[in-house]
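Chain and residue survey
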Amino acid sequence: MADELVRLDDASIHLGGQAIVDRVNLTIRRGDVITIIGPNGAGKTTLIKAILGIHRLTAGTITREPGLTTGYVPQHTHFQPTLPLTVKRFMALTGASEADCRRALEQTSVGHLYHSTVHHLSGGETQRLLIARALVREPDLLVLDEPAQGVDVNGQAALYELIRELRDRLHCGVIMISHDLHLVMSATDRVICLNQHICCSGYPEQVSHDPAFVELFGQHVARSVAVYHHHHNHDHDLHGDVVPPTDSHAV
Ligand SMILES: Nc1ncnc2c1ncn2[C@@H]1O[C@H](COP(=O)(O)OP(=O)(O)OP(=O)(O)O)[C@@H](O)[C@H]1O
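In what follows, the accompanying structure is described.

Rules and cut-offs
Each chain has its residues counted from 1, running along the sequence as written. Thresholds applied to this predicted model are a pLDDT of at least 70 for local features of residues and 80 or more for the giving and counting of side-chain atom pairs; totals over whole chains, interfaces and linings are not thresholded and use all residues. Water and hydrogen atoms were dropped before computing side-chain values, which therefore reflect all heavy atoms in the structure. Any carboxyl oxygen of Asp or Glu within 4 Å of a side-chain nitrogen of Lys or Arg constitutes a salt bridge here. Only runs of H or I of at least four residues qualify as helices and only runs of E of at least two qualify as strands under DSSP, and these elements are numbered from the N terminus. Three exposure classes are used, based on accessible area relative to the maximum for each residue type with a 1.4 Å probe and protein chains only: buried under 20%, partly exposed in between, and exposed over 50%. Put simply, two rings from Phe, Tyr or Trp (the six-membered ring, in Trp's case) pair if the centres are within 6.5 Å, and we call them stacked under 30 degrees between planes, edge-to-face over 60, tilted for the rest. Remark: a charge is flagged as sitting over a ring if the NZ atom of Lys or the CZ atom of Arg is within 6 Å of the ring centre and within 35 degrees of the ring normal. We call a set of buried residues a nonpolar core when its members are Ala, Val, Leu, Ile, Met, Phe, Trp, Tyr or Cys and they connect through side-chain atoms within 4.5 Å of each other. Whether two residues are in contact is decided by their heavy atoms, any of which lying within 4.5 Å being enough. A pair of strands is labelled paired if DSSP reports no fewer than 2 bridges between them. Here an axis means a line fitted to C-alpha atoms, over the contact stretch when the element is a helix, while the angle between two N-to-C directions is reported on a 0 to 180 degree scale. By convention in these notes, a residue is near a molecule or strand provided one of its non-hydrogen atoms lies within 4 Å of it. Counted as a polar contact is a pair of N or O atoms within 3.5 Å, where, for protein atoms, one must be capable of donating a hydrogen and the other of accepting one, and residues adjacent in sequence contribute only when both atoms are in side chains. Using the Shrake-Rupley algorithm and a 1.4 Å probe, accessible areas are obtained, with residue cover drawn only from the displayed protein chains. Just so you know the grouping, Ala, Val, Leu, Ile, Met, Phe, Trp, Tyr, Cys and Pro go in nonpolar, Asp, Glu, Lys and Arg go in charged, and all remaining residues, Gly too, go in polar.

1. Describing the pattern of salt bridges
- Summed over all chains, the structure comprises 14 salt bridges.
- Notably, a salt bridge pairs Arg 103 with Asp 100, separated by 3.7 Å at the nearest N-O pair. Remark: Asp 100 and Arg 103 occur in helix 3 (residues 98-107); sequence separation between them is three residues, near one turn of the helix.
- Exposure remark for Arg 103: the relative accessible area of 23% places this residue in the partly exposed category.
- What you see here is one network of salt bridges that share partners, running through Glu 4, Arg 7, Asp 9 and Arg 29.

2. Quick notes on the packing of aromatic side chains
- Under the defined criterion, the tally for this structure stands at one aromatic pair.
- Their ring planes at 40° and their centres at 4.9 Å tell us that Phe 213 and Phe 217 sit as a pair that is tilted. Of this pair, Phe 213 and Phe 217 both sit in helix 8 (residues 211-217), four residues apart, which is roughly one turn of that helix.
- Overall, Phe 213 belongs to the buried group, its relative accessible area being 0%.
- The positively charged end of Arg 102 is found above the aromatic ring belonging to Tyr 114, 3.8 Å away from the centroid.

3. Some remarks on the nonpolar core
- Counting residues in each nonpolar core, the largest one holds 36 residues, and the members touching the most others are Phe 90, Met 91, Leu 105, Leu 129 and Leu 144.
- Of all elements in the fold, only helix 2 (87-92), helix 3, helix 4 (123-135), strand 6 (141-145), helix 5 (153-170), strand 7 (173-177) and helix 6 (181-187) reach the threshold of two or more residues within this core.
- The element that contributes the greatest number of residues to this core is helix 4, accounting for six residues.
- Once residues lying within four places of it in the same chain are set aside, the contact partners of Leu 105 are Val 87, Met 91, Val 110, Gly 111, Tyr 114, Leu 129 and Ala 132.

4. Brief notes about the sheet that holds strand 1 (residues 4-15)
- The sheet built from three strands is open, its strands ordered 2-1-4 with antiparallel pairing. If you trace the sheet from one side to the other, it starts and ends with strand 2 (18-29) and strand 4 (59-64), each paired once. Averaged over all adjacent pairs, the angle separating strand axes in this sheet is 15°, with direction ignored.
- Here eight bridges tie strand 1 to strand 2, and the two strands are oriented antiparallel to one another. Across the sheet, Val 6 pairs through a bridge with Ile 28, a residue of strand 2.

5. Describing the sheet that holds strand 6
- With mixed pairing, six strands are arranged side by side in an open sheet as 5-6-7-3-8-9. Each end of this open sheet is capped by a strand with a single partner; those strands are strand 5 (70-73) and strand 9 (197-202). Averaged over all pairs of adjacent strands, the angle between their axes in this sheet comes to 15°, without regard to strand direction.
- As defined by bridge partners, strand 8 (residues 190-195) adjoins strand 9 across five bridges and the pair is classed as antiparallel. Residue pairing for strand 9: Ile 192 is matched across the bridge by Ser 201.
- Packing against the sheet, helix 4 makes contact with strand 5 and strand 6, and its axis sits at approximately 160° to strand 5.
- Relative to strand 7, helix 5 is tilted by about 155°, and along the sheet it contacts strand 3 (33-37), strand 6 and strand 7.

6. Concerning the site of the ligand
- Within the structure, the ligand sits among Leu 15, Ile 20, Pro 39, Asn 40, Gly 41, Ala 42, Gly 43, Lys 44, Thr 45, Thr 46, Gln 75 and His 179.
- One of the backbone nitrogen or oxygen atoms of Gly 43 is found 3.0 Å away from an oxygen atom of the ligand.
- Measuring from an oxygen atom of the ligand, one finds a side-chain N or O atom of Lys 44 at 2.8 Å.
- Compared with its free state, where it exposes 640 Å², the ligand has 59% of that area covered by protein.
- With three residues, helix 1 (residues 44-52) is the single largest residue contributor to the shell around the ligand.
- Of the residues contributing to the shell around the ligand, the split by class is four nonpolar, seven polar and one charged.

Bear in mind that shape data such as this cannot, by itself, settle questions of function.
Right under this line is the structure:
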């Protein structure tokens, strides 16, 4: 199918004799922003490593678009504190040209930090630097493992906004793992709830009402996510005043 970047059919990964990922079916297309949620140890990182080709499937198939390039932001990046490392040097380690490094840094709005030391960056700046590194090869698919970790709440919303902007500007696909359920529900097109197998998946609002989601995250979380992702039950006129909904908006 057109724009299909990666397709998993009944994909399983067994590690140490256990099914860590169990018969997952998933298609990622250009333009998608897909978020994987699920409890600790659910196999989320293992699944995205399979998408990247780091883990081999033990059953099922994975099909990648020929010539697919991926950009990856791993869950843990440790900067050695005893080594003074500048943003410039960190980006140069990718082997990309200075122009490409600078372009990627501009794309994540941290171009002004080119000569800064990586240890002095804030949580949000660090994550933007890591996304910039993943962008230097102009990936078809951006794979992000908890991109908002270490970022304050306002910064998290801005980061998810950036990810959507990058998807629009670069016309790539995005698959990410997140634990920030509220932000996920507002910033993603499709949610996959993983607990070895896919418990439920779909548009954020569908998923938040799914019994499997409620079972995994509890009534309280499900209710708060559903409230957060509310429908407007009214429209506004040209002056901003509230008016009854038109038929096309009625829910
Ligand atoms: N090489 C390995 N051999 C055996 N078990 C492994 C291996 N790698 C990971 N696991 C196990 O697989 C399970 C899933 O790990 P994974 O990191 O994919 O989970 P996760 O959903 O990303 O978790 P978290 O949200 O805590 O990051 C864990 O129980 C982990 O201990």
